[in-house]
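Single-letter residue listing:
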Amino acid sequence: MIESKAQLEEAAARIAVLKEEIGRVIVGQQTVVEQLLWCLLAGGHALLEGIPGLGKTMLVRTIADSVALQFSRIQFTPDLMPSDITGTTLIDFGAQGSASHRFQPGPIFGNLVLADEINRATPKTQSALLEAMQEGTVTAGGETHRLPKPFFVLATQNPIEQEGTYPLPEAQLDRFLLKIGVDFPTRDELKQIVLRTTSAVQPQASVVMSASELTDLQAAAKQILVADDVLDFAVKAVMMSHPHEPDAPSDVKKYVRFGAGPRALQAMIAVSKVRALASGRLHISWNDIRHTALPVLRHRIVLSYEAQAMGLTSDRMTESILSAIEAER
């Protein structure tokens, strides 16, 4: 609970220490690290998109090590079955021939679950994550099992390889709080990566936060205040992503098929609260909305076939929306 300025500053300092510890292992990717921390502290899930070899798996493992979370990795393949993720009911035979049923938990039962190359699995297997991500439970053999808390799914996918993949449906994409783009490192970062990974001693993340401390920060973030005018701005950004909206920019009316839904607004406010908390503020600002809009709307704006053929992106549509609102202000 935040009851004083000192407590607010302490919360911001704890987030800064966590970010610094992750930076001891991960070279660059400061925006990616920051947005992943937004997800964790907002209690949501993230989808990371980037070409292979950019350290996505190492980043997720480093975060788990820094926060003392139980890490679990699922490598998605076309032959992966839903029970391989959720677990299955086994039959145990006793000494006298008696039989009993026992649920064997799958790898989804962890605090931080890495769904690696999620788009390589079939839609049936991908859907096994939906209940876990939305409800925090797994249903198997007619019984519902609760997942440990805190619980996060960080999924990765490769944007350039489409052969043998199954694109995630919009309903599942909407469950991810943010879609985070992992960019190629700069020249200097590339040199640092090579020096770190080929030396005799490689840096390891130390535990700087417990799971209970993470939960406390999540509760603290929910206390951040939202002014009506800032909330109205966030609402307007979501509404203007719909092509039928009168105030929508011309790009949106021409190139967007479907806009973002209510979860986008919830995500925008939730991560903006975390960003304000990390900055030592007790209220969110227009600038918070400005910085969180891209990863929030990136996977929730569905482009037309014409826009896809022209190589346009949802990021461009979001920038058009933000520019239009800024012009009005």
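Residues numbered from 1 in each chain as written. Predicted model: local features only at pLDDT ≥ 70, side-chain atom pairs only at ≥ 80, totals over all residues. Heavy atoms only, no water.

Looking only at helices and strands, one finds 15 helices and 11 strands in the chain. For 329 residues, the compact-globule formula gives about 20 Å, and the C-alpha radius of gyration of the chain, at 21 Å, lands near that figure. By its C-alpha atoms, the chain is 80 × 50 × 45 Å across when sized along the principal axes. Here the chain holds 329 residues, and the buried ones make up 48% of them. Sequence-distant contacts, at least 24 apart, represent 74% of the contacts inside the chain between residues at least 6 apart. Put simply, the chain shows about 16100 Å² of open surface, and 53% of that area lies on carbon and sulfur atoms. (Helix = DSSP H or I, 4+ residues; strand = E, 2+ residues; numbered from the N terminus. Rg over C-alpha atoms; globule rule 2.2 N^0.38 Å. Buried < 20%, exposed > 50% of the residue type's maximum accessible area, 1.4 Å probe, protein only. Contact = heavy atoms within 4.5 Å. Areas by Shrake-Rupley, 256 points an atom, 1.4 Å probe, with all protein chains shown as cover.)

Moving on, we come to the nonpolar core. By size, the foremost hydrophobic cluster in this structure holds 73 residues, and its most contacted members are Leu36, Leu59 and Leu112. If we skip the residues at most four places from it in the chain, Leu36 touches Ala46, Leu48, Leu59, Ile63, Leu154 and Ile180. Of all hydrophobic cores here, the second largest spans 24 residues; its members include Leu47, Phe103, Val138 and Val153. (Core = buried A, V, L, I, M, F, W, Y, C linked by side-chain atoms within 4.5 Å.)

So, about the environment of Leu168. Structurally, the position occupied by Leu168 is in the loop between strand 8 (152-157) and helix 7 (170-173). Here the alpha-carbon distance between Leu168 and Thr62, two residues 106 residues apart in the chain, equals 26 Å. When near neighbours in sequence (up to four residues on either side) are disregarded, Leu168 contacts Ile118, Asn119, Gln126, Gln157, Leu173 and Phe176.

As for its placement among the helices and strands, Arg298 is situated in the loop between helix 13 (286-297) and strand 11 (302-303). In terms of polar contacts, Arg298 uses its side chain to reach the backbone carbonyl oxygen of Lys179, at 2.7 Å. The contact partners of Arg298, leaving out residues within four places of it in the chain, are Lys179, Ile180, Gly181, Ser314 and Asp315. (Polar contact = N/O pair within 3.5 Å; in protein donor to acceptor, adjacent residues only side chain to side chain.)

As a further point, take the pattern of salt bridges. For the structure on display, the rule yields 12 salt bridges. One salt bridge in this structure joins Asp174 and Arg263, with 2.9 Å as the shortest N-O distance. With Asp174 in the loop between helix 7 and strand 9 (178-181) and Arg263 in helix 12 (residues 262-278), this pair connects stretches of sequence that are 89 residues apart. Take Asp174: its relative accessible area is 16%, and that puts it in the buried class. Glu319 serves as the salt-bridge partner of Arg290, at 3.2 Å between the closest nitrogen and oxygen. (Salt bridge = Lys/Arg side-chain N within 4 Å of Asp/Glu carboxyl O.)

A contiguous nonpolar surface patch, about 200 Å² in accessible area, is contributed by Leu231, Val235 and Met239. As for its position among the elements, Val235 is in helix 10 (residues 228-239). (Patch = residues over 30% accessible without salt bridge, like charges linked within 9 Å, V, L, I, M, F, W, Y side chains within 5 Å.)

Our focus in this paragraph is the sheet that holds strand 5 (residues 112-116). Read from one edge to the other, the open sheet built from 5 strands follows the order 2-5-8-1-9, with strand pairing classed as parallel. Both edges of this open sheet fall to strand 2 (71-75) and strand 9, since each of them pairs with a single strand only. The average undirected angle you get between the axes of adjacent strands in this sheet is 20°. Bridge count between strand 2 and strand 5: 5 bridges; the pairing is parallel. From the neighbouring strand, Gln75 faces strand 5, where its bridge partner is Asp116. Contacts from helix 2 (residues 30-42) reach strand 1 (46-49), strand 5, strand 8 and strand 9, with the element oriented near 165° to strand 9. (Pairing = 2+ DSSP bridges. Axes fitted to C-alpha atoms, helices over the stretch in contact; angles between N-to-C directions.)

The next thing to look at is the packing of helix 9 (residues 211-221) against helix 12. The contact between helix 9 and helix 12 brings their axes to 9 Å, and the two run at 105°. Between helix 9 and helix 12, the crossing angle belongs to the class labelled roughly perpendicular. For the pair helix 9 and helix 12, contact is made by Leu217, Ala220 and Ala221 and by Lys273, Val274 and Leu277, respectively. Among the residues making up the contact of helix 9 with helix 12, the classes are represented as 5 nonpolar, no polar and 1 charged. (Parallel < 35°, antiparallel > 145°, perpendicular 65-115°, else oblique. Nonpolar A, V, L, I, M, F, W, Y, C, P; charged D, E, K, R; others polar.)

The subject of this paragraph is the environment of Ile325. Secondary-structure assignment places Ile325 in helix 15 (residues 314-328). Classification of Ile325 as buried rests on a relative accessible area of 3%. C-alpha separation for the pair Ile325 and Pro249, spaced 76 residues apart in sequence, amounts to 9.5 Å.

In this section: the packing of helix 1 (residues 5-23) against helix 2. Between helix 1 and helix 2, the least distance of the axes is 11 Å, while the angle of their chain directions is 135°. By the angle class used here, helix 1 and helix 2 are oblique. Relative to helix 2, the crossing made by helix 1 is right-handed. Contact residues: Ile15, Leu18, Lys19 and Ile22 in helix 1; Gln30, Val33, Glu34, Leu37 and Leu41 in helix 2. (Left-handed = near helix turned anticlockwise from the far one by under 90°.)

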